[in-house]
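Residues per chain are reported as follows:
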Amino acid sequence: MQAWNPSGKLAVVTGASSGIGRCLTTLLIQQGCRVIAIARRQEKLHSLADQLAESSAEVAALLIPLVGDVTKPADRQRVVERIDELGGQLDLLVNNAGIGGIGPFQEASPERLRQIMEVNFFAPVELSRLLLPRLSSAQDAVLCNVGSVLGHCAVPDKSEYCASKFAMHGWTDSLRTELAGSGVSVVLVSPSTTRSEFFDSLVETDSKMESKSVGSWSAQRVAGAALAAIKKRKREVVLSAGGKALVYADRIIPGIISRILSRK
Ligand SMILES: NC(=O)c1ccc[n+]([C@@H]2O[C@H](COP(=O)([O-])OP(=O)(O)OC[C@H]3O[C@@H](n4cnc5c(N)ncnc54)[C@H](OP(=O)(O)O)[C@@H]3O)[C@@H](O)[C@H]2O)c1
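All values derive from a computational prediction rather than experimental measurement. (Residues numbered from 1 in each chain as written. Predicted model: local features only at pLDDT ≥ 70, side-chain atom pairs only at ≥ 80, totals over all residues. Heavy atoms only, no water.)

Points about the pairing of strand S2 (residues 34–39)
Argument step 1. For S2, the tally of buried residues reaches 5 of 6 residues, placing the bulk of the element in the interior.
Argument step 2. Two strands pair when backbone bridges link them, and strand S1 (residues 10–14) and S2 are joined in this way by 5 bridges, in the parallel orientation. Bridged to Thr14 within S2 is Ile38.
Argument step 3. A crossover connection joins S1 to the parallel S2 through helix H1 (residues 19–30); in handedness this β-α-β unit is right-handed.
Argument step 4. Note that S2 and strand S3 (residues 63–67) share 5 bridges and pair parallel. Following the sheet pairing, Ile36 is matched in S3 by Ile64. (Buried < 20%, exposed > 50% of the residue type's maximum accessible area, 1.4 Å probe, protein only. Helix = DSSP H or I, 4+ residues; strand = E, 2+ residues; numbered from the N terminus. Pairing = 2+ DSSP bridges. Right-handed = clockwise from strand over helix to strand, strands pointing away.)

The structure is reproduced here in structure tokens:
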């Protein structure tokens, strides 16, 4: 089977205003793909348009900014309307928008769990439910979910985030088997710590709680790896040597990993 080719295709990328989503949107556009780029911060989407316009007006025209909140049903519906205005067929959906929160579960309010699950799990699931008929009409489409190594191996002080990414992982695996042979490939990309704005917008998090970022990847590198996985229609990729080591060690020696993680 030939590699999935972005040229001439239509994609939706959520969380396109910063970090991984912004870099992936740029890469897709540079390879000739039109991208409906969703995020809440309009000024950030404008700056992305300006950045693309530095290459050429033709490149900038491939960006279709959509200011919206993925947790709002009306905003998700606007994505459908935009696709329908553009012909009704979608070739790639990247569920990338995500948020985190750090701190012990017992000290957190129920709202932290709700907020993280709304953005990281319910929003991508419901957006996919809406867009699957448009993906199916493309014959060779890809649905790519951006998970996390913490959707494979759970760590302390990120219980809500781990729960949201484990939920995404399970749903992705189930959907992939349901859609086998349908013409829609389902890809799970699981980054490890990535340098982005992610740690500036943590929900209900004490500023003293810091996330270790040893061996972190740039958002650009993660986006490149995600696009490579999309092109090869890979079922799952776990990124970074440290991320792979954690995930595979947890599968082989879960008791030892659990003891190491609980020694803080
Ligand atoms: N950074 C890491 O260490 C790391 C590690 C593993 C996995 N990941 C995952 O990678 C994905 C991207 O994160 P990142 O590192 O690139 O972080 P980021 O720079 O903070 O980007 C997150 C994006 O999500 C958007 N977003 C957040 N809430 C939204 C909402 N309700 N509606 C629409 N858009 C929303 C943000 O845009 P607006 O604020 O403009 O809406 C932003 O564009 C996330 O799913 C994250 O869980 C990150």
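So that's the structure; there's more coming.
Concerning the environment of Leu261
Argument step 1. Among the structural elements, Leu261 can be located in helix H9 (residues 254–262).
Argument step 2. Remark: the alpha-carbon pair of Leu261 and Ser17, spanning 244 residues in sequence, is separated by 33 Å.

Some thoughts on the pattern of salt bridges
Argument step 1. For the coordinates displayed, the defined rule picks out 10 salt bridges.
Argument step 2. Linking Arg78 and Asp75 is a salt bridge whose minimum nitrogen-to-oxygen distance equals 3.2 Å. Taken together, the residues span about one helical turn, with Arg78 and Asp75 both in helix H4 (residues 73–85) at a distance of 3 residues.
Argument step 3. Arg176 is the partner of Asp173 in a salt bridge, and the nearest nitrogen-oxygen pair spans 2.9 Å. (Salt bridge = Lys/Arg side-chain N within 4 Å of Asp/Glu carboxyl O.)

Comments concerning helix H8 (residues 241–252)
Argument step 1. Taking 1.5 Å of rise per residue, 12 residues should cover 16 Å, and H8 covers 16 Å from first to last C-alpha, within 8% of that figure.
Argument step 2. Taken together, the buried residues of H8 touch strand S9 (236–238) and H9. (Expected span 1.5 Å × (residues − 1). Contact = heavy atoms within 4.5 Å.)

A few points about the site of the ligand
Argument step 1. Contacts to the ligand come from 30 residues, most closely from Ser17, Arg40, Asn96, Tyr161 and Ser196.
Argument step 2. Contact distances for the ligand include 2.8 Å between an oxygen atom and a backbone N or O atom of Ile20.
Argument step 3. Between the ligand and the protein, one listed contact pairs an oxygen atom with a backbone N or O atom of Glu197 at 3.2 Å.
Argument step 4. Surface burial for the ligand is 96%, taken as the share of its 880 Å² of free accessible area covered by protein chains.
Argument step 5. Elements represented by at least two residues in the shell around the ligand include exactly H1 and helix H6 (159–178). (Near = heavy atom within 4 Å. Polar contact = N/O pair within 3.5 Å; in protein donor to acceptor, adjacent residues only side chain to side chain. Areas by Shrake-Rupley, 256 points an atom, 1.4 Å probe, with all protein chains shown as cover.)

As for the nonpolar core
As a rule of thumb, nonpolar side chains are buried together in soluble globular proteins.
Argument step 1. Counting 39 residues, the largest nonpolar core has Leu28, Val35, Leu92, Val94 and Val189 as the members making the most contacts within it.
Argument step 2. Examining the composition of this core, we find that 8 residues originate from one element, helix H7 (residues 219–231), more than from any other.
Argument step 3. Apart from the residues lying within four places of it in its own chain, the contact partners of Leu92 are Trp4, Leu10, Ala11, Val12, Leu28, Leu135, Val142 and Ile230.
Argument step 4. Counting 29 residues, the second largest nonpolar core, distinct from the first, contains Leu127, Leu131, Val184 and Val186. (Core = buried A, V, L, I, M, F, W, Y, C linked by side-chain atoms within 4.5 Å.)

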